[in-house]
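Tertiary structure, described
Chain by chain, the residues run as shown.
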Amino acid sequence: MSKVVIEVLYPEFNNLYGDRGNLLYLRRKLELAGAEVELLETSLSDTPAFASRGDVGFLYLGPCTERQQELELEALRPYREALLERMGSDAVTLATGNAFELFGEKILRADPQKSEIRALGFWNTYAERFSRLRYNELCVGECGGIRVTGFKNQLSHSYGETPAPFLTMHTGTGLNPQSRLEGAHSGNFYATYLLGPLLALNPPFAARLLASLCPGAEEVVLPFEQEAYEKRLAELSDPAVNHSKHHS
């Protein structure tokens, strides 16, 4: 029996939009495929397993509040080189929501001075926060021929370029309202502003990650997941749908 180690960073912060569903979904599919799954939950004060052991197959970092984002950034800073090494490996990493911003050059606060927070500097983007008006969006993008559906709830946009985008958007915006390119992708490292149980919402994309974690797990199909995906994709691809709005 193969074993897959899953690590979630800072679960005390990162479950604002049902994001833990990503882990439950992966675990269920892996176990049905016959794999043994070890789930590690690393809090802000712990040493991340990905930095101390070499068997973390899947690393997840989800969205949090803006204040928590700054705490996470300081917690991750000592492990920058370990994260960079991981990006160049076969191990899978998924960062969703404003976790994407941790890997850019900097984050500009919404204060009058636009004070800067130095980020990890993996790619040449910067994030600029709004004041109090959040940006909400339903969207559809494409990654390597796979359509990905999702939603966003943002207090910031990003500007600049990543090494390669995660998605080319069909509906909705990219890193900012002027861009059609969204997120970042390098090997098995994926970062995106999309939120929530992204993998459960997108079985074809999840299958790509599962194939890397445990060959054969991508063949496991849960009841109605493909039908639900196709229905959601059709609805969100409809140009008559109001995909975005702002609210305070």
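Residues numbered from 1 in each chain as written. Predicted model: local features only at pLDDT ≥ 70, side-chain atom pairs only at ≥ 80, totals over all residues. Heavy atoms only, no water.

1. A short note on helix H4 (residues 80-87)
- Among all positions of H4, only Leu83, Arg86 and Met87 are buried. Looking straight down H4, one finds that the buried residues subtend no more than 105° of arc, so they occupy a single side. Opposite the packed face of H4, turned more than 90 degrees from it, sit the exposed residues Glu81 and Glu85.
- Where H4 is buried, its residues meet helix H2 (49-52), strand S3 (56-61), helix H3 (66-76), strand S4 (92-96), strand S13 (184-186) and strand S14 (189-192). (Buried < 20%, exposed > 50% of the residue type's maximum accessible area, 1.4 Å probe, protein only. Helix = DSSP H or I, 4+ residues; strand = E, 2+ residues; numbered from the N terminus. Arc of directions from axis to C-beta. Contact = heavy atoms within 4.5 Å.)

2. Here's the deal with the nonpolar core
- One finds Leu61, Leu76, Leu83, Phe103 and Trp123 to be the most contacted residues of the largest nonpolar core, which totals 33 residues.
- Counting only elements with at least two residues in this core, the list comes to strand S1 (3-9), H2, S3, H3, H4 and S14.
- Discounting residues that sit within four places of it in the chain, Phe103 has contacts with Leu61, Leu83, Ala95, Leu120, Gly121, Phe122, Trp123 and Phe189.
- Within the second largest apolar cluster, 32 residues are counted, among which are Val37, Cys143, Leu167 and Met169. (Core = buried A, V, L, I, M, F, W, Y, C linked by side-chain atoms within 4.5 Å.)

3. What about the pairing of S1?
- The element S1 is largely enclosed, with a buried count of six among its seven residues.
- Pairing of S1 with strand S2 (residues 36-42) involves seven bridges; the strand directions are parallel. Bridging from a neighbouring strand, Lys3 pairs with Glu36 of S2.
- Regarding the hand of the β-α-β motif, the stretch spanning S1, helix H1 (residues 21-32) and S2 is right-handed.
- Summarising the sheet, S1 and S3 pair through four bridges and their orientation is parallel. Residue Val5 lies in a different strand from S3, and its bridge partner there is Val56. (Pairing = 2+ DSSP bridges. Right-handed = clockwise from strand over helix to strand, strands pointing away.)

4. As for the layout of surface pockets
- In this structure, the largest pocket occupies an estimated 240 Å³ of space.
- Looking at the largest pocket, it is lined by 15 residues, and the ones nearest its centre are Phe50, Arg53, Gly54, Arg86 and Ala91.
- Of all the secondary-structure elements, those providing two or more residues to the lining of the largest pocket are S1, S3 and H4. (1 Å grid on protein atoms, 1.4 Å probe; cavity = no way out; pocket = protein on both sides within 12 Å on 5 of 7 lines; lining within 4 Å. Points joined across faces, edges and corners; volume = space filled by probe spheres on them.)

5. Thoughts on the pattern of salt bridges
- Applying the stated criterion across every chain, the model contains 18 salt bridges.
- Between Glu38 and Arg53 there is a salt bridge; the shortest N-O distance is 3.2 Å. Taken together, the residues span a long stretch of sequence, with Glu38 in strand S2 and Arg53 in the loop between H2 and S3 at a distance of 15 residues.
- Exposure remark for Arg53: the relative accessible area of 30% places this residue in the partly exposed category.
- The residue Glu74 makes a salt bridge to Arg77 at a minimum N-O spacing of 2.7 Å. (Salt bridge = Lys/Arg side-chain N within 4 Å of Asp/Glu carboxyl O.)

6. What to know about empty space enclosed by the protein
- Summed over all chains, the structure comprises one cavity of 30 Å³ or more.
- Each pocket or cavity is described by its volume, and for the largest cavity that value is around 30 Å³.
- If you go around the largest cavity, the residues you meet are Leu9, Leu59, Leu61, Leu76, Leu83, Thr93 and Phe103.
- Grouping the amino acids of the lining of the largest cavity by side-chain chemistry returns six nonpolar, one polar and no charged. (Nonpolar A, V, L, I, M, F, W, Y, C, P; charged D, E, K, R; others polar.)

7. Points about the pairing of strand S9 (residues 146-154)
- Of all nine residues making up S9, seven are buried, and the element is well covered by its neighbours.
- One ladder, built from nine bridges, connects strand S8 (residues 134-143) with S9; its direction is antiparallel. Bridge pairing in S9 places Asn136 opposite Asn153.
- The turn joining S8 and S9, which pair antiparallel and follow one another in sequence, is formed by two residues; a positive phi near 55° is taken by Gly144.

8. Overview of the sheet that holds S13
- Taken together, the six strands give an open sheet; going across it, the order is S2-S1-S3-S4-S14-S13, and neighbouring strands pair in mixed fashion. At either margin of the open sheet sits one strand with a lone partner, and together these are S2 and S13. With direction set aside, neighbouring strand axes in the sheet form an average angle of 10°.
- Both S4 and S14 contribute to a ladder of four bridges, which runs parallel. Each bridged residue has a counterpart across the sheet, and for Leu94 the counterpart in S14 is Tyr190. (Axes fitted to C-alpha atoms, helices over the stretch in contact; angles between N-to-C directions.)

9. Quick word on the sheet that holds strand S6 (residues 116-118)
- A sheet is described by the order of its strands in space; here four strands give the open sequence S6-S5-S7-S10, paired in mixed fashion. Because the sheet does not close on itself, it has two edges, and the strands there are S6 and strand S10 (156-161). In this sheet, neighbouring strand axes are inclined to one another by 20° on average, regardless of whether the strands run parallel or antiparallel.

What is shown is where atoms sit, not what they do.
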